[in-house]
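# A structural walkthrough
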Amino acid sequence: MTLHFSVLASGSSGNAFYIGSDKQKLLVDAGLSGKQMENLFNQIDINPNDLDGILVTHEHSDHIKGLGILARRYQLPIYANEKTWKAMEGKIGDVKLGQRFMFHMETTQTFGDIDVESFGVSHDAAEPMFYVFHHNGKKVALVTDLGYVSERIKKTVENADAYIFEANHDISMLRMGRYPWNVKRRILGDLGHVSNEDCALALTDIIGNKTKRIYLAHLSQDNNMKDLARMSVSQILEERGFMGNTSLELYDTDPKQATPLYEVS
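Since we're looking at a predicted model, the values are computed, not measured. (Residues numbered from 1 in each chain as written. Predicted model: local features only at pLDDT ≥ 70, side-chain atom pairs only at ≥ 80, totals over all residues. Heavy atoms only, no water.)

## Concerning the pattern of salt bridges
Inspection of the entire model under this criterion finds 14 salt bridges. A salt bridge links Glu-106 to Arg-152; the nearest nitrogen and oxygen atoms lie 3.1 Å apart. With Glu-106 in the loop between strand 6 (100-102) and strand 7 (108-111) and Arg-152 in helix 5 (residues 151-157), this pair connects stretches of sequence that are 46 residues apart. The residue Arg-186 makes a salt bridge to Asp-124 at a minimum N-O spacing of 2.6 Å. Remark: Asp-124 occurs in the loop between strand 8 (114-120) and strand 9 (129-135) and Arg-186 occurs in helix 7 (residues 181-188); sequence separation between them is 62 residues. Looking at Arg-186, the relative accessible area reads 33%, which means it is partly exposed. Among the charged side chains, a network of salt bridges with common partners joins Glu-151, Lys-154 and Asp-205. (Salt bridge = Lys/Arg side-chain N within 4 Å of Asp/Glu carboxyl O. Helix = DSSP H or I, 4+ residues; strand = E, 2+ residues; numbered from the N terminus. Buried < 20%, exposed > 50% of the residue type's maximum accessible area, 1.4 Å probe, protein only.)

## Considerations on the sheet that holds strand 8
Taking strand neighbours across the sheet as the criterion, the seven strands line up as 7-8-9-10-11-12-13 in an open arrangement whose pairing is mixed. Edge positions in the sheet fall to strand 7 and strand 13 (249-252), since each of these pairs with one other strand and no more. Strand-to-strand, the axes of this sheet are offset by a mean angle of 20°, without reference to chain direction. Sheet topology note: the strand 7/strand 8 ladder contains four bridges and is antiparallel. Paired with Phe-111 across the bridge in strand 8 is Ile-114. Running at roughly 160° to strand 13, helix 9 (residues 226-239) makes contact with strand 12 (213-217) and strand 13 of the sheet. (Pairing = 2+ DSSP bridges. Axes fitted to C-alpha atoms, helices over the stretch in contact; angles between N-to-C directions. Contact = heavy atoms within 4.5 Å.)

Following this line, the structure appears as structure tokens:
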């Protein structure tokens, strides 16, 4: 098996992403309880004992809820940038010094046979960053929790084989929904989350001839629906000529159900 991955969980209630190769198995974020995380790994037949480390994107609870538990239970190293480490203090319990590692923003670290490139995003956290995974010419980009997609990000993630990309909300549902205005303003702002429409427009700038799969991620349980997100994104991609005779496909993600393990070929 070469590069393979699963979106273990994605949504406002919890996020986790698994990616591995023949020599390395990595988890990005652990935003569910330890028991829920173990259940998700069971769904894709991966043993958490085989993990080599956990990468952290930022300190929000839907990304680190089970982080400390998993790290302690399976003796896993955690990688995060300095400001995120400081922001996680008191949220993940006691993590031994020997399990704490630094991963600076806008750098690349090699884990076995996977090169992991970090990039900063615009979000209301201490120093949020996401990742692009490189292995044998294959490229997988994880892009969620950002208020807008900058030109720098587009350049970093362009022409990936697969994207896990945020389609957080339908703008009309959010505007008409029950959230107080200050929360709506935060979500719609530059430090919030990307809408279905903005997701699609960003994708039209970055999809390349290698791109085969797009997983729509981090959907709001109150302000979006899987069918709506898929329809909104595919409509714009079709209008821009991206969904014609190509092998490009859109996939759903779920807050409680892992996507089937996919091998990037």
